[in-house]
Amino acid sequence: MNALIFSAVSGVIMMFSSFLLNNKNSVRVLAHVLLLATIIANIFELRGISFFHIDTRGMLEFDRFALLFTLVANVCTFAFFLLSSRDLEKIGNHYSDYFSLLFFILAGIVVSSSFKSLLMLFLGIEILSIPLYILTGSDKRNLKSNEASLKYFLMGSFSTGLMLMGIALIYGATGTFQTGITVAEKVPVLLITGMMLLLFSMSFKVSAAPFHFWTPDVYDGAPTVVTSFMATVVKAAGFIAFMRLFAEEFGSIRPEWKLLVGIVAAVTLFIGNITAVFQQSVKRMLAYSSISQAGFMMLAIYSLSNDAKEGLILYAAAYSLATIGIFAVLVRMKDYTFEGFNGFAKQQPFLAGILVVFLLSLAGIPLTAGFLSKFYMLKATIDGGSLALAIFAVLMAAVSVYYYFRLIQSMYFKTGNATISGTTTGFKYTLAALAGITILLGIFPNLLTNWLYF
Amino acid sequence: MGITQILFWILAITAIFSALMVVISKNPVYSVLWLIVTFFTISGHYILLNAQFLAVVNIIVYAGAIMVLFLFVIMLMNLNKETEPQKSKWLKLAGAVAGGCLLLVLVAGLRHTEKQMTEMVTGDIGLIQNLGKVLFKDYVVPFEISSILFLSAMVGAVVLGKKEPRIPVETEMRKVEETQQAINI
Amino acid sequence: MFSLEGITKSLQDWLYLNFNPTWALVIECLIVIVLAIALFAFLGLVLVLMERKVAAHMQIRLGPNRVGPKGMFQTAADTLKLIMKEGLTPDGADKFLFNLAPFVVMIVAMLILAPIAFAKGFQIWDINIGVLYVSAISSLSVIGILMAGWASNNKYSLLGAMRSGAQIVSYELSAGISILCIVVLSGSLSINEIIASQQNGWWLFKGHIPVIIAFVIFMIAVTAETNRAPFDLAEAESELTAGFHTEYSGMKFALFFLAEYINIFIVCAIGATLFLGGWMPFHIGNWQDFNHIMDYIPSSIWFFGKTFFLIFLIMWFRWTFPRLRVDQLLNLEWKYLLPISLFNLLLVTVIAIFGWHF
């Protein structure tokens, strides 16, 4: 509740900040301070101190899983602010409004990661999505951004429609919005139909395979800073909501959907990885890579064990940090294609080294957080009884190495004049810190996962 | 058959017919108008369920505000039959099959539900007093949280709708060029 | 004593005695329809004449004075002329919508009559959310206008319809909010209960400042909602020929014309109900003798008297203020009226919560 109220209020404050503060820098500093306050408030709640005592009538439950993920999302957002807030201001004139939209998204993340009622799930997902539609189209003079925004909006509202219909059917079958259904012996058809609709719409929100068509275009068209945020924090939040929904609401009818989720995961892995191989633009490659990483995260929903829960949190952190880091560099590049990175290591050896850490983490090479999170997922999958799916996932991870290493190859082994602008020392140190966290989590994952228990 | 039942059948048939016409109509203006008819029939159903407040709110929000804006936009764009893109035959077939499957599943799902789930006329949850009590007692948290949703939508409307101050010509030209390049790709 | 309530009650008793409930209901419906149409025809005749007479009075001239005594049958003659005229449908028009539009506008106007209390106990449908119902239905007339404008296939018509749409959608907000002020104070959405809450004084004269502000905003907003001058941009004759009904002639034109006046009557009736006590007679505190005398005047006369006073006010506006430009019109609503009325609503809510009203 702390994080929810803090981030909502911060959004309102940011909304007014542009006409109270007429200085871009002070607006930015204010945003950082507010986010830091939100993080601290959330840590307090994680330690059992809640500032607000609100009777939610069982509609929200702030358990450790939800709180920890909120913390991860907030910290990733803070990293995003540190690295990219200057670029956020370059999108257009409403810089304070962009921050306020981001805070509203954070509020949505809290709601959608702690819901106990389908109504709250819907609200949370909507609060996540609507500011994103707007941020996608915030570069108003760029036709591609407009197109991406419209596409995202139309597809997104369609999937929201599916979700609402699913919720309505489930309500019809069970007579309640609260999660945690109990089924006698025969599962009613209405419930199954509702569950399927929810599965589809949630798959859309996290861009899992048959519903991934919007992803490349939207991620490519949106301003790169925004892409960086929506491909990481928001997507992870979608997975947390997905997992919570299927663990709590449909946990008791698991045999009905297990196979389907497995298939979705496999297809997502396949399509994401194979298509990413053929991309020429790094931004588009990252879009497809986000689809393939989504496939890995789907494995957590497939297995639904404690390992999967830990793994999903770790995955969210590892994937978000690495992708935010890569995007922060990408925003500053002149050319977004692979050729644009040719000879990058000669000019910026430090940045190139950090990028390598991030890419290795995404590819899942040992000693990075990405490896361990993939490991958790595979372990959970094998425990969940599907060796074949785990083997397939490993194969696909091997494919992913190709396109991540392609970027390393063009940075180190090709000559060219990669141009980057606006890299300050602070920026470099922040990136280095992110890389440090990535390696640290790769060696001591307990630093993060222990929070789930103590 | 009492008057309530007669009204129910009339409303139900009109609702289904007009909903179909929304989809079938070639002219978007007709689609919107049929949609308004659909909303009216749904409001009629609400009134049959003694939920007058919901009925009226349905009319205010959908027929009165949203559909008017729809009409506005569609009429200003002056969409004609010629501008409608031609879809391939297979796509249409696939759509029909998928929609048919959904229909089949929904019919199967609804067939097994308990009958008499609705309370005609006697139910009073739709009256404004009860609704207000439920909304502000049991559902006050979602109600408050939805304010975040609306606030963000409002901020978004300002962000998207507000006129940008003129930017220098060079940057504008550069942006135009970038856009053209993007389109060429 | 002669009272409309008694007549309706005995009629209903008689119907339910002699028919089974379904048929009684059907017959009641028919009677109501006939009465409504009669009221419409009567109002059309009276209001058009009133408008012309008021205009003439404002401009120091005589106005219609040839047909009948003091020109009283002028409108009847005009109506006859319109009926005789050929109803043209332009070639490029969307025939179906073009012909449907006037009826949509009329039907919407008729629907609003349902919850209005014309006299004590004389009401078609005592719905428990009457005020909300009225504002919901009145927002629909714009659909008919948009249909007419679009189907005419004429630039003037389309522009007029668009303007009218923008105007109605925006002014609906402040009209709705000023209605809410009264709802908050009286604690009910039902028209009957709102009238009953004015037993010991009309809201406008009880001395609540926010109510006075709400009344002023309400009058401005409804003038705009009915497309009356100075907000008659939808049919600004100097720019758009006749706006959305440029292409209409004959009886179809007459329907639009009639609907406009009916709408004026309805919004004024609502204004009279909310702010001036509906059919409630004028009472002064505890002065029993005076109050008794007032009670002797039939409630229907009170209601129509107040309504026609407000109608006169709106007609007065027409000859007092110059027409606004379209951007001024929207600025007035979104930048002035809406913030003021929102603040006003807040004020009223505070008053109601602390119980400072009386």
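Remember, it's a predicted structure, so these values are computed and weren't measured experimentally.

1. Notes on the overall build of chain B
- Scanning chain B for helices and strands turns up seven helices and zero strands.
- Reading the secondary structure of chain B in the N-to-C direction produces α-α-α-α-α-α-α.

2. Some points on the overall build of chain C
- Scanning chain C from N- to C-terminus turns up 14 helices and two strands.
- Seen through its C-alpha atoms, chain C measures out along the principal axes to roughly 65 × 55 × 45 Å.
- Going through the 358 residues of chain C one by one, you find that 44% of them count as buried.
- Considering only contacts within chain C whose residues lie at least 6 apart along the sequence, 77% involve residues at least 24 apart.

3. What to know about the interface of chain A and chain B
- Facing the 37 residues of chain A at the interface are 28 residues of chain B.
- Looking at which element gives the most residues to the side of chain A that touches chain B, the answer is helix H5 (residues 118–136) of chain A, with eight residues.
- In terms of residue class, the side of chain A that touches chain B is made up of 21 nonpolar, 10 polar and six charged.

4. A few points about the UniProt feature "transmembrane region" (unreviewed entry) in chain B
All names here are of chain B.
- As annotated by UniProt and renumbered to match this structure, "transmembrane region" (unreviewed entry) occupies residues 6–24, 31–49, 55–78, 90–110 and 139–160.
- Secondary structure across residues 31–49 divides into 95% helix and 0% strand, with the first and last C-alpha atoms of the span separated by 27 Å.
- As a span, residues 90–110 carries 100% helix and 0% strand, and end to end its C-alpha atoms are 30 Å apart.

5. Remarks on the environment of Leu69 of chain B
All names here are of chain B.
- Within the fold, Leu69 resides in helix H3 (residues 52–77).
- Classification of Leu69 by C-beta neighbours within 10 Å gives partly exposed; the count is 13.
- In this structure, the C-alpha to C-alpha distance between Leu69 and Leu20, residues 49 residues apart in sequence, is 22 Å.

6. A short note on the UniProt feature "transmembrane region" (unreviewed entry) in chain C
Residues and elements named next belong to chain C.
- Listed under "transmembrane region" (unreviewed entry) in the UniProt record, and renumbered for this structure, are residues 23–49, 96–118, 130–150, 171–191, 203–224, 253–276, 296–316 and 336–356.
- A helix fraction of 100% and a strand fraction of 0% characterise residues 23–49, whose end C-alpha atoms lie 39 Å from each other.
- Helix makes up 96% of residues 253–276 and strand makes up 0%, while its end C-alpha atoms are separated by 33 Å.

7. A closer look at helix H1 (residues 2–20) of chain A
- Helix length check: H1 of chain A (19 residues) gives 26 Å between terminal C-alpha atoms against 27 Å at 1.5 Å per residue, within 8%.
- Within H1 of chain A, the full set of buried residues consists of Asn2, Ala3, Leu4, Phe6, Ser7, Ala8, Ser10, Gly11, Met14, Met15 and Ser17 of chain A.

8. Focus on the arrangement of the chains
- Where two pairs of chains are in contact, the pair with the most contacts is made of chains A and B.
- Considering only C-alpha positions, the minimal separation of the non-contacting chain A and chain C is 17 Å.

9. Focus: the interface of chain C and chain B
- Contacts between the two partners involve 19 residues from chain C, matched on the other side by 18 residues from chain B.
- Of all elements in the fold, only helix H2 (21–58), helix H5 (130–138), helix H6 (141–151) and helix H7 (155–186) of chain C reach the threshold of two or more residues within the side of chain C that touches chain B.
- For the side of chain C that touches chain B, a count of residues per class yields 15 nonpolar, four polar and no charged.

10. What about helix H12 (residues 306–332) of chain A?
- In this model, H12 of chain A (27 residues) spans 40 Å end to end at C-alpha, consistent with the 39 Å of a helix rising 1.5 Å per residue.
- Most of H12 of chain A sits out of view: 25 of its 27 residues are buried.

11. Overview of the confidence of the model for chain B
- Averaged over every residue, the pLDDT of chain B is 79; the share at 70 or more is 77%.
- Ranking the elements of chain B by mean pLDDT puts helix H7 (residues 169–184) of chain B last with 61 and helix H6 (residues 140–161) of chain B first with 89.

12. Brief notes about unusual backbone geometry
Residues and elements named next belong to chain A.
- With phi around 55 degrees, Arg57 is a residue other than glycine that occupies positive phi space.
- Within the element layout of this structure, Arg57 appears in the loop between helix H2 (24–46) and helix H3 (64–90).
- On the basis of neighbour counts, which here come to 15 C-beta atoms within 10 Å, the residue Arg57 falls in the partly exposed class.
- Phi is positive for Leu367, close to 75 degrees, though the residue is something other than glycine.

13. Quick look at the packing of helix H11 (residues 282–303) of chain A against helix H15 (residues 369–383) of chain A
Residues and elements named next belong to chain A.
- Packing of H11 against H15 leaves a shortest axis separation of 9 Å and a crossing angle of 35 degrees. The chirality of how H11 crosses H15 is left-handed. Judged by residue contacts, Phe296, Leu299, Ala300, Tyr302 and Ser303 of H11 engage Lys374, Met377, Ala380, Thr381 and Asp383 from H15.
- Of the residues in the contact of H11 with H15, the class split is six nonpolar, two polar and two charged.

14. Quick notes on the nonpolar core
- Residues Ala107, Met298, Leu299, Leu314, Ala316 and Ala317 of chain A are the most contacted members of the largest nonpolar core, which totals 179 residues.
- Among the elements that make up this core, the one with the highest residue count is H12 of chain A (18 residues).
- The contacts of Leu314 of chain A, once residues within four sequence positions are left out, are Ala369, Leu372, Ser373, Tyr376, Leu441, Pro445, Leu448 and Thr449 of chain A.
- In terms of nonpolar packing, the next biggest core, distinct from the first, is built from 119 residues, Val29 of chain B together with Tyr133, Leu140 and Tyr261 of chain C among them.

15. Let's talk about the packing of H2 of chain C against helix H3 (residues 74–84) of chain C
Residues and elements named next belong to chain C.
- It is at 8 Å that the axes of H2 and H3 come closest, and there the two elements cross at 115 degrees. The element H2 and its partner H3 pack so that their crossing is right-handed. Residue-level inspection shows Leu45, Val48 and Leu49 of H2 in contact with H3, the latter providing Gln74, Thr75 and Ala76.
- Here the contact of H2 with H3 is built from residues that sort into four nonpolar, two polar and no charged.

16. Points about the environment of Ile311 of chain C
All names here are of chain C.
- Among the structural elements, Ile311 can be located in helix H13 (residues 299–318).
- Ile311 gets classed as buried once you count the C-beta atoms within 10 Å, which come to 25.
- Along the chain, Ile311 and Tyr261 lie 50 residues apart, while their C-alpha atoms are 9.6 Å from each other.
- With near-sequence residues (within four places) excluded, Ile311 lies in contact with Leu47, Ile264, Phe265 and Cys268.

17. A look at the confidence of the model for chain C
- Residues with a pLDDT of 70 or more make up 98% of chain C, whose mean pLDDT is 82.
- For this predicted complex, the interface score ipTM comes out at 0.85, while the overall pTM is 0.86.

18. A word on the environment of Ser201 of chain A
All names here are of chain A.
- Position of Ser201 relative to the elements: it lies in helix H7 (residues 189–205).
- On the basis of neighbour counts, which here come to 23 C-beta atoms within 10 Å, the residue Ser201 falls in the buried class.
- Taking C-alpha positions, Ser201 is 6.0 Å from Leu162, a pair spaced 39 residues apart along the chain.
- Dropping the residues within four chain positions of it, Ser201 is found in contact with Ser159, Thr160, Leu162, Met163 and Gly166.

Rules and cut-offs
- Residues numbered from 1 in each chain as written.
- Chains lettered and ligands numbered in written order.
- Predicted model: local features only at pLDDT ≥ 70, side-chain atom pairs only at ≥ 80, totals over all residues.
- Helix = DSSP H or I, 4+ residues; strand = E, 2+ residues; numbered from the N terminus.
- Buried ≥ 20, exposed ≤ 12 C-beta atoms within 10 Å, placed from the backbone.
- Contact = placed C-beta atoms within 7 Å.
- Nonpolar A, V, L, I, M, F, W, Y, C, P; charged D, E, K, R; others polar.
- UniProt positions renumbered as here; feature names shortened; annotations may be inferred.
- Expected span 1.5 Å × (residues − 1).
- pLDDT = per-residue confidence, 0-100.
- Axes fitted to C-alpha atoms, helices over the stretch in contact; angles between N-to-C directions.
- Left-handed = near helix turned anticlockwise from the far one by under 90°.
- Core = buried A, V, L, I, M, F, W, Y, C linked by C-beta atoms within 7 Å.

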